Amino acid sequence: MNLDDARKRLETAVTQYGEHAAPAIDLVMNEVRSDMGAGAFNELVEEFDLELMYGIAPLESGYSSS
């Protein structure tokens, strides 16, 4: 997955499920974290305001995927 694909999937989830999109967003964000790391994850959290809207917080800066 790349950032553009992740953005499209997040937009689709928000459009399709609205305030109930958290489970679908969580799946996308787990894949983002796994494939692209904490930086990309945090970028999308900020871009889509996921913390305020869905309770998905940015990852700690010390996070590692290993």
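Just above sits the structure.
Predicted, not measured: the structure shown is a model, and the values here were computed from it.

*Asks:* Help me understand the overall build of the protein chain, please; the structure alone is not making it clear to me.
*Replies:* Scanning the protein chain from terminus to terminus reveals four helices and zero strands. Going from the N terminus to the C terminus, the protein chain shows its helices and strands as α-α-α-α. For 66 residues, the compact-globule formula gives about 11 Å, and the C-alpha radius of gyration of the protein chain, at 11 Å, lands near that figure. Taken along the three principal axes of its C-alpha coordinates, the protein chain extends 30 × 25 × 15 Å. The buried share among the 66 residues of the protein chain stands at 30%. The contacts of the protein chain with a sequence gap of at least 6 include a subset with a gap of at least 24, amounting to 46%. Carbon and sulfur atoms make up 48% of the accessible area of the protein chain, which amounts to about 4200 Å² in all. For the protein chain, the centre of its 4 positive side-chain charges and the centre of its 13 negative side-chain charges are spaced 7 Å apart.

*Asks:* Please clarify how helix H1 (residues 3–17) should be interpreted in this entry.
*Replies:* Taking 1.5 Å as the rise per residue, H1 with 15 residues should run 21 Å; its terminal C-alpha atoms sit 21 Å apart, in good agreement. Of all the positions in H1, only Ala 6, Arg 7, Leu 10 and Ala 13 are classed as buried. The buried residues of H1 all sit within an arc of 130 degrees when viewed along its axis, so they share a single face. Exposed residues pointing more than 90 degrees away from the buried face of H1 are listed as Lys 8, Thr 15 and Gln 16. Contacts from the buried residues of H1 go to helix H2 (22–36) and helix H3 (38–47). The opening residue of H1, the one whose side-chain oxygen lies 3.0 Å from the backbone nitrogen of Asp 4, is Asn 2. Taken from the residues just after H1, Gly 18 is the one with a positive phi, measuring 55 degrees.

Rules used throughout
Residues numbered from 1 in each chain as written. Predicted model: local features only at pLDDT ≥ 70, side-chain atom pairs only at ≥ 80, totals over all residues. Heavy atoms only, no water. Helix = DSSP H or I, 4+ residues; strand = E, 2+ residues; numbered from the N terminus. Rg over C-alpha atoms; globule rule 2.2 N^0.38 Å. Buried < 20%, exposed > 50% of the residue type's maximum accessible area, 1.4 Å probe, protein only. Contact = heavy atoms within 4.5 Å. Areas by Shrake-Rupley, 256 points an atom, 1.4 Å probe, with all protein chains shown as cover. Lys, Arg positive; Asp, Glu negative; His and termini not counted. Charge placed at Lys NZ, Arg CZ, Asp CG, Glu CD. Expected span 1.5 Å × (residues − 1). Arc of directions from axis to C-beta. Polar contact = N/O pair within 3.5 Å; in protein donor to acceptor, adjacent residues only side chain to side chain.

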